[in-house]
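# Working through the structure, step by step
Residue strings, one per chain:
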Amino acid sequence: MKQQANLIRAGQVIEHDGRRWTVLKQQIITPGKGGAFIQVEMRDLKTGNKTNERWRTADTVERLMTEDKDYTYSYEDGDNIVLMDPETFEQVLLHKDLFGEQLPFLQDNMPLNVKLVEGDAVGVSLPPQVTLEITEADPVVKGQTASSSYKPALLSNGVKTLVPPFIEAGERVVVRTDDASYVERAK
């Protein structure tokens, strides 16, 4: 399906120069002189190579239609992640690179949404939030209660985040899977 270049968004799959690309970032740039253009950072689905491409906003780009399918995380197998189809119980292998920075947030039996283009996996979506335990938290510095200050903490999956001063090691917290930011204490 053809679409204007200025409608490209992160997560879409496009065809360019005979290859399939998944869009990682996009930015519309309006220089002081001349027409606006869109700069897109994208990854080749076959080789995994990243590239930047620029189009004028009026140019057209071929967008591929994606199909969403739900899977359940099973286990890790070397460089692959094994997912199970909850309806047919078939197992599917996906490479770890497809998960990007969300890989440490995978938990047993976690429901995942996989984007497919003609049967090939091109993207994975995790639930927006997960509950994890704080393994290390810096002590509170006295006198910093007047302003909203955060302190560094280490989550049970090895990811570092910033938490409010009242959170201690051993507590369970809810964090976002897209940027590892603190949301709230776990209930």
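Within each chain, residues carry numbers counting from 1 in the order of the written sequence. Where totals are concerned, whole chains, interfaces and linings use all residues; where local detail is concerned, this predicted model gives features only for residues with pLDDT of at least 70, and gives and counts side-chain atom pairs only at 80 or more. Hydrogen atoms and water are omitted, and side-chain values are computed over all heavy atoms in the structure.

## So, the pattern of salt bridges
A side chain of one charge can pair with a side chain of the opposite charge when the charged atoms of the two come close. What counts, and what does not: When a carboxyl oxygen of Asp or Glu lies within 4 Å of a side-chain nitrogen of Lys or Arg, that pair is called a salt bridge. Helix and strand labels come from DSSP, where a helix needs a run of H or I of at least four residues and a strand needs a run of E of at least two; each type is numbered from the N terminus. We call a residue buried when its accessible area falls under 20% of the maximum for its residue type, exposed when it is over 50%, and partly exposed in between, using a 1.4 Å probe and counting protein chains only.
Within this structure, the stated rule accounts for eleven salt bridges. Among the salt bridges present, the one from Glu76 reaches Lys96, with a minimum N-O distance of 2.7 Å. Pair noted here: Glu76 is in strand E7 (residues 67-77) and Lys96 is in the loop between strand E9 (91-95) and strand E10 (111-117), with a separation of 20 residues, a long-range link. Take Glu76: its relative accessible area is 46%, and that puts it in the partly exposed class.

## Some remarks on the nonpolar core
Selection rule: Definition of nonpolar core: a set of buried residues of the types Ala, Val, Leu, Ile, Met, Phe, Trp, Tyr and Cys, connected through side-chain atoms within 4.5 Å. Residue ranges for the domains trace back to a domain assignment, done automatically or taken from a database. Every residue pair with non-hydrogen atoms within 4.5 Å of one another is taken to be in contact.
With 26 residues, the main nonpolar core has Leu83, Phe99, Phe105, Leu106, Leu112 and Leu126 as its most contacted residues. Mapped onto this core, the elements with two or more residues apiece are E7, strand E8 (80-84), E10, strand E12 (129-137), strand E13 (151-155) and strand E15 (172-176). Residue assignment places this core across two domains, with domain 2 (67-125) and domain 3 (129-185) each supplying three or more. The residues touching Leu112, leaving out its near neighbours within four places in the chain, are Lys69, Asp70, Tyr71, Tyr73, Leu83, Phe99, Leu106, Val124, Ser125, Leu126 and Pro127. Ranked by size, the runner-up nonpolar core spans ten residues in total, among them Ile8, Ile14, Ile38 and Met42.

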